[in-house]
Amino acid sequence: MLQLRPVLTMRGRKSGRIALCGVMCALAMTMMLSGSVLPFATFCAPALGGLFLVPVAMECGMRLAWVSYAALSLLCVLFVPDKESAVVFVFLLGHYPLLKAYLQRIRWRWLRAAVKTAVFNGLVFACYGLMLYVLPIQAIVQEFAQTAPLALAGLVVLANVCFWVYDAALNNLVRAYALRLRPLLRRFL
């Protein structure tokens, strides 16, 4: 996978980097708000919203990408009507493209896969533990109360399969961005 390293040849203009961060944050926030309109987009919108942080990380650096993530997280909690989608963005899928850059540095493939799986499952249980027990969202609490434990275990397995598909897609999207879109973006910055 290509590394999310910044290239500081943006003609030395800080304004171009800040503008890129603002545009990407606006696109991510638009994705999160549009995800509230469609009931099946509870997980798709945060996954796609997090992808908009990849250009920020590659062009502006990880520090600005984490600051953008923090700003997006605050905006999502405040303004996204679907609170489950907002919490999934904040605690699970919004920061994964940035976290993946650090996890990719693990040399051994099996260890990297084990760490990614452990991180994902830990974040899933922390995210839903927060929604169920700390800040109870009544719709989620009722949904979990009506679901059989075996069905919940099946959902966790399905979530892990979806996570690995998302991880592979993220690899391909970062590569496509670096090879196709990055040269076009450089003309404007």
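In case you missed it, the structure is sitting above this.
Below or above, wherever it landed, is the structure these notes cover. All values derive from a computational prediction rather than experimental measurement.

1. Re the overall build of the protein
Okay, so step 1: Looking only at helices and strands, the protein features nine helices and zero strands.
Okay, so step 2: In the protein, the order of α-helices and β-strands from amino to carboxyl end is α-α-α-α-α-α-α-α-α.
Okay, so step 3: Taking 16 Å as the expected radius of gyration for a compact globule of 189 residues, we find that the protein reaches 17 Å, a close match to that expectation.
Okay, so step 4: The buried share among the 189 residues of the protein stands at 41%.
Okay, so step 5: Of all intrachain contacts in the protein linking residues separated by at least 6 positions in sequence, the fraction that spans at least 24 positions is 75%.
Okay, so step 6: A total of about 10700 Å² of accessible surface is found on the protein, and carbon and sulfur atoms cover 72% of it.
Okay, so step 7: In the protein, the 18 positive side-chain charges and the 5 negative ones have mean positions that sit 21 Å from each other.

2. Digging into the packing of helix α4 (residues 62-79) against helix α6 (residues 96-103)
Okay, so step 1: In the contact formed by α4 and α6, the axes pass within 10 Å of each other and the chain directions differ by 145°. For the pair α4 and α6, the sense of crossing is left-handed. Contacts between α4 and α6 involve M62, A65, W66 and Y69 on the former and, on the latter, L98, L99, A101 and Y102.
Okay, so step 2: Class assignment of the residues belonging to the contact of α4 with α6 gives a composition of eight nonpolar, no polar and no charged.

3. Some words on helix α3 (residues 53-60)
An α-helix turns once every 3.6 residues. As a result, residues three or four positions apart point the same way.
Okay, so step 1: Of all the eight residues making up α3, eight are buried; the element is thus mostly covered by neighbouring parts of the structure.
Okay, so step 2: When we look at burial in α3, the residues that qualify are L53, V54, P55, V56, A57, M58, E59 and C60.
Okay, so step 3: Note on α3: the residue one or two positions beyond its end, G61, has a positive phi of about 105°.

4. A word on the side chain of K100
Okay, so step 1: Summarising the element assignment, K100 is placed in helix α6.
Okay, so step 2: Owing to a relative accessible area of 0%, K100 belongs among the buried residues under this scheme.
Okay, so step 3: Only 3.0 Å separates the side chain of K100 from the side chain of N171, close enough to count as a polar contact.

5. A look at a nonpolar patch on the surface
Okay, so step 1: On the surface, a nonpolar cluster with roughly 480 Å² of combined accessible area is contributed by L33, L74, L75, L78 and F79.
Okay, so step 2: At four residues, α4 tops the list of elements feeding residues into the nonpolar patch.
Okay, so step 3: Its location among the elements puts F79 in helix α4.
Okay, so step 4: A relative accessible area of 52% means that F79 is categorised as exposed.

Here is what the cut-offs are and how they apply
- Residues numbered from 1 in each chain as written.
- Predicted model: local features only at pLDDT ≥ 70, side-chain atom pairs only at ≥ 80, totals over all residues.
- Heavy atoms only, no water.
- Helix = DSSP H or I, 4+ residues; strand = E, 2+ residues; numbered from the N terminus.
- Rg over C-alpha atoms; globule rule 2.2 N^0.38 Å.
- Buried < 20%, exposed > 50% of the residue type's maximum accessible area, 1.4 Å probe, protein only.
- Contact = heavy atoms within 4.5 Å.
- Areas by Shrake-Rupley, 256 points an atom, 1.4 Å probe, with all protein chains shown as cover.
- Lys, Arg positive; Asp, Glu negative; His and termini not counted.
- Charge placed at Lys NZ, Arg CZ, Asp CG, Glu CD.
- Axes fitted to C-alpha atoms, helices over the stretch in contact; angles between N-to-C directions.
- Left-handed = near helix turned anticlockwise from the far one by under 90°.
- Nonpolar A, V, L, I, M, F, W, Y, C, P; charged D, E, K, R; others polar.
- Polar contact = N/O pair within 3.5 Å; in protein donor to acceptor, adjacent residues only side chain to side chain.
- Patch = residues over 30% accessible without salt bridge, like charges linked within 9 Å, V, L, I, M, F, W, Y side chains within 5 Å.
- Salt bridge = Lys/Arg side-chain N within 4 Å of Asp/Glu carboxyl O.

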